[in-house]
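# Topology and contacts: notes
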Amino acid sequence: MSRHDSTNMQQLSDLLTRYEAEQFPLPGIHNHQHKTVLVKQIIDSTRRVNYVSKIAKKPLRADRANPNSTLFDPIRAALIHKTAGNFDEACWLVFLFIHFGKHRKSEWRFVKEVYGKLGGHPHWTWAEIVVNPQLFRNWLGLNQVKLLRGKNRGFGNHRKYQSMDAYKPTGTGSAVLSYVDWIMAFGGHQQLINHSLQQCQNNPEQAFDWLYNSMKKVVSFGRTAKFDYLTMLKKMELAQIQPGSAYLAGATGPISGARLILQGNMTSNLSLKTMETRLAILAKYLNVDMQVIEDSLCNWQKNRSHYMLFSG
């Protein structure tokens, strides 16, 4: 562990102690090892949240945005399009990245091959999709078998139950068509984001919540996918929005972590509203984003006694 990490750990540990002294008890970390593991997870989560802004400061090769290149990376591709002023394309790539996720072995393969139309031309850009979304669904139906070939493929961890199916109500075809409908009901991504801010008097937290609730129209995007999509728009500075809570309703890992830290057990009698309020205060004490709180608690509750590095 570096000296910097050791310093961060001590600072976070002290802030957790201060929170308990000034706000509410945290019985879930009265065990020293449990507290140490949580602090390490908070550091990891902070790094993941800051990753996008970190790579955005570095020069990006054009091949990063080319789905036919071995260097393709949907996150970097979105940043490249954002810099070039292609706002819709940047947001579309964020959606594809969240929908397919990053597989632990094949990484971006599903995003790369679907976005790149399996090497076809033109590939499935936003401009191509919005002209006739049904053409995409038909293409997906014809190419499902090829996309699902081999063993070294799959959706990311947060999307492991998602289907590539073109026509099933909860498959990829339906997800893409419903996403296009959601966006184009407002005329485009920028118009949608502007509308959310206008509806909420430019309050970043309220706009995030407005978009989160509006996104229920997107098929197969449950609580985690919506949260991940909107926080990615925020991290890429595509939308001036900010999660004001951990969005525990409908969560599994994050709500277990919240119950454990705030109550010390899984049978917490604290209401969701109370837990959300206390976690929001905790985020301010630690000077971290609510996404860090959500992510670190989710990973911490998986193993409170032994630190494990989680990639997603």
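Residues numbered from 1 in each chain as written. Predicted model: local features only at pLDDT ≥ 70, side-chain atom pairs only at ≥ 80, totals over all residues. Heavy atoms only, no water.

What follows is about the overall build of the protein. Looking only at helices and strands, one finds 14 helices and 0 strands in the protein. Starting at the N terminus and walking to the C terminus, you meet the elements of the protein as α-α-α-α-α-α-α-α-α-α-α-α-α-α. Over its C-alpha trace the protein gives a radius of gyration of 20 Å, about what one expects of a compact globule, namely 20 Å for 312 residues. Expressed as lengths along the three principal axes of its C-alpha atoms, the size of the protein is roughly 60 × 40 × 40 Å. (Helix = DSSP H or I, 4+ residues; strand = E, 2+ residues; numbered from the N terminus. Rg over C-alpha atoms; globule rule 2.2 N^0.38 Å.)

Of all hydrophobic cores here, the largest spans 62 residues; its most connected members are Tyr179 and Tyr229. Leave out the neighbours within four places in its chain, and Tyr179 touches Cys91, Trp92, Phe95, Trp126, His189, Val218 and Tyr229. Counting residues in hydrophobic clusters, the runner-up holds 34 residues, among them Leu38, Leu248, Leu260 and Ile261. (Core = buried A, V, L, I, M, F, W, Y, C linked by side-chain atoms within 4.5 Å. Buried < 20%, exposed > 50% of the residue type's maximum accessible area, 1.4 Å probe, protein only. Contact = heavy atoms within 4.5 Å.)

Which parts of space are left empty comes out when a probe the size of a water molecule is rolled across the atoms. Scanning the entire structure with this criterion turns up 2 cavities of 30 Å³ or more. As for the largest cavity, its lining consists of Trp182, Ile183, His189, Leu192, Ile193, Leu211, Tyr229, Leu230 and Leu233. Looking at the lining of the largest cavity, the elements that each hand over two or more residues are helix H8 (172-184), helix H9 (189-199) and helix H11 (223-235). Broken down by class, the residue content of the lining of the largest cavity amounts to 8 nonpolar, 1 polar and no charged. Space inside the second largest cavity adds up to approximately 30 Å³. Lining the second largest cavity are Leu38, Ile42, Ile261, Leu282, Leu286, Ile293, Ser296 and Leu297. Of all elements in the fold, only helix H2 (32-56), helix H13 (272-286) and helix H14 (290-300) reach the threshold of two or more residues within the lining of the second largest cavity. When residues of the lining of the second largest cavity are assigned to their parent elements, the largest contribution, 3 residues, is made by H14. (1 Å grid on protein atoms, 1.4 Å probe; cavity = no way out; pocket = protein on both sides within 12 Å on 5 of 7 lines; lining within 4 Å. Points joined across faces, edges and corners; volume = space filled by probe spheres on them. Nonpolar A, V, L, I, M, F, W, Y, C, P; charged D, E, K, R; others polar.)

At a closest axis distance of 9 Å, the pairing of H13 and H14 adopts a crossing angle of 110°. One way to sum up the angle between H13 and H14 is to call them roughly perpendicular. For the pair H13 and H14, contact is made by Leu279, Ala280, Leu282, Ala283 and Leu286 and by Met290, Ile293 and Leu297, respectively. When the residues that make up the contact of H13 with H14 are grouped by side-chain class, the tally is 8 nonpolar, no polar and no charged. (Axes fitted to C-alpha atoms, helices over the stretch in contact; angles between N-to-C directions. Parallel < 35°, antiparallel > 145°, perpendicular 65-115°, else oblique.)

Turning next to helix H12 (residues 253-263). Burial of H12 is extensive: 9 of the 11 residues sit out of reach of the surface. Turning to H12, its buried residues are Gly253, Pro254, Ile255, Ser256, Gly257, Ala258, Leu260, Ile261 and Leu262. Elements that come into contact with the buried residues of H12 comprise H2, H11, H13 and H14.

This part takes up unusual backbone geometry. Following His121, the chain continues to Pro122 via a peptide bond in cis, the omega torsion being -5°. The topology assignment puts Pro122 in the loop between helix H5 (109-115) and helix H6 (126-131). A positive phi angle, close to 50°, is found at Gln201, a residue other than glycine.

Now for the environment of Lys226. Mapping Lys226 onto the fold places it in helix H11. You can call Lys226 buried: its relative accessible area is 10%. Between the C-alpha atoms of Lys226 and Lys216, which are 10 residues apart in sequence, the distance is 8.2 Å.

A word on the side chain of Arg109. Turning to its location among the elements, Arg109 is positioned in helix H5. Take Arg109: its relative accessible area is 13%, and that puts it in the buried class. Within the local environment of Arg109, its side chain forms a polar contact with the backbone oxygen of Leu147, the two atoms lying 2.8 Å apart. (Polar contact = N/O pair within 3.5 Å; in protein donor to acceptor, adjacent residues only side chain to side chain.)

For the rest of this paragraph, the subject is the packing of aromatic side chains. Counted under the stated rule, the structure contains 24 aromatic pairs. An angle of 65° between the planes, with centres 6.0 Å apart, marks the rings of Trp124 and Trp139 as edge-to-face. You can see Trp124 sitting in the loop between H5 and H6 and its partner Trp139 sitting in helix H7 (residues 133-147), a full 15 residues away along the chain. Residue Trp139 is classed as buried on the basis of its relative accessible area of 13%. With centroids separated by 6.0 Å and ring planes inclined at 80°, the aromatic side chains of Trp126 and Tyr179 adopt a geometry described as edge-to-face. Residue Trp126 is located in helix H6, and its partner Tyr179 is located in helix H8; the two are separated by 53 residues in the primary sequence. By relative accessible area, Trp126 is classed as buried at 5%. Put simply, the rings of Trp92, Phe95, Trp126, Tyr179, Trp182, Phe221 and Tyr229 touch in pairs and so form one group of aromatic residues. The cationic tip of Lys117 hangs over the ring face of Trp124; the distance from NZ or CZ to the ring centre is 4.1 Å. (Phe/Tyr/Trp six-rings, centres within 6.5 Å; stacked < 30°, edge-to-face > 60°. Lys NZ or Arg CZ within 6 Å of the ring centre and 35° of its normal.)

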